[in-house]
Amino acid sequence: MCSPTDNKDSTSALKGAVGVLSLSTIGLLVATIVLATNNSSEEAAPSVKAAESATTLDFFSSKEASSFFASDEMNKCAGAKLAVDNQLCADLEVPGPQAGGNVTKGYVGELDVGDLTPNTKQYFQSSMCPVNVHWHLGSEHYSYGEFDENGDGPHGNIPRPDWANRDLAGAGESVPDGFRCHHFDETDAKFTTKYEWKHCEGMEVGETYEVHWPHSAAGACGTVNQYQTPFYDGVFCNLPMETFVTLGAQDIASAVGVHGQVFTVVNDESYFYPDMIRGMIVDPDMNMGQDVAMYTGSTTGDSRSNEMCSQYAPITWQVDRKCHMISASSFDKLCYDMKMQRDDMSDDLHAHGSRELVMDSLVANNQAN
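## Thoughts on the state of the cysteines
- What the rule picks out here adds up to five disulfides.
- The disulfide bridge from C89 ends at C309, spanning 2.0 Å between sulfur atoms. Sign of the S-S torsion, about 110° for the bond between C89 and C309, identifies this disulfide as right-handed. Taken together, the residues C89 in the loop between β1 (87–88) and β2 (129–130) and C309 in strand β11 (residues 308–309) connect sequence positions 220 residues apart.
- According to the relative accessible area criterion, C309 is buried, its value standing at 0%.
- What pairs with C129 in a disulfide is C221, and their sulfur atoms sit 2.1 Å apart. Classification of the bridge connecting C129 and C221 rests on its S-S torsion, roughly -85°, and on that basis the disulfide is left-handed. Note that C129 is positioned in strand β2 and C221 in the loop between β8 (208–216) and α3 (231–235), a separation of 92 residues in sequence.

Shown next as structure tokens:
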């Protein structure tokens, strides 16, 4: 029979053994976890490297080798443009409504267009798709308090209605510019810090640009030929002249339209949007594409003026009245996407000149809102 002292010694020894065993078990468990983690990391490494490799692929080389781009003849829209020359407005008995005009809420043009109305639906609801994207230096349209003569940019602004010439850097030419937004602040680095452009040409941080997305129900919608330069090829891709001449003014205004949205470019990734090629940015939370002016007008650009009218009319215009900030990288991504299209869109990788603000007598009186 053991004494109380012997029992106490046995109990202490047993506790010690249990403690050592517990520590050993914990140590073994920790070692197992570490080993498993290391093995998992080593197994994951190849997939991480593969992902990194995928992001550095030279897609331009892939495009050159691709059978999708083997021949220009594969582009069914090439050369589809129906040539309609500009005309002196004074020589036209009844000039078609012109763009870009004043889109300030409440404004109404003075050109009586009778029962003609703009297409007020979402363009996709009328079987229309974007067939091109391009942009103009400054805004062609005028929205008081948003893009007007009181805005500013790295080269100042223009008075209303005259304009000054700005150099189109990198293209070796000068284009007339439009109005500026009110965002620019020369003391804020996001408006003045240079961006290293990789795909767009002649663009500048702090500047205002008006982006246009021409849409057409006669485009090659949903196919590899959807996006075209010049945009007329996309608009008329599936519309031969013999069909075009049978269409009435309302038929055209209901089937051809342009989205317009004005941006100030900033060097700030918090304003990055990756899919500008899709069309007007519509986002209720960002108040984008919410206050939209609608009217019938014409094609724009600096080959037209208040003396020289576009004959590509009437078409619907839906223009965002607000000016928004967008990152330079958003535009550069857009230019990259344009380079990836089947058609050669290189002529639209820089800002085009802006038409002078259209006088009231040439702006339709059918503003929808």
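Let us keep going from here.
## As for the pairing of β8
- Most of β8 sits inside the fold, with nine of its nine residues counted as buried.
- For β8 and strand β9 (residues 256–266), the ladder comprises nine bridges, and the chain directions are antiparallel. Across the sheet, T208 pairs through a bridge with T264, a residue of β9.

## Overview of the environment of K322
- Here K322 is to be found in strand β12 (residues 315–327).
- Judged by relative accessible area, which is 27%, K322 ranks as partly exposed.
- Along the primary structure K322 and C181 are separated by 141 residues, whereas in three dimensions their C-alpha atoms are 9.0 Å apart.
- Other than its neighbours up to four places away in sequence, K322 contacts E146, F147, V262, N287 and D291.

Cut-off values and rules
Residues numbered from 1 in each chain as written. Predicted model: local features only at pLDDT ≥ 70, side-chain atom pairs only at ≥ 80, totals over all residues. Heavy atoms only, no water. Disulfide = S-S within 2.5 Å. Helix = DSSP H or I, 4+ residues; strand = E, 2+ residues; numbered from the N terminus. Buried < 20%, exposed > 50% of the residue type's maximum accessible area, 1.4 Å probe, protein only. Pairing = 2+ DSSP bridges. Contact = heavy atoms within 4.5 Å.

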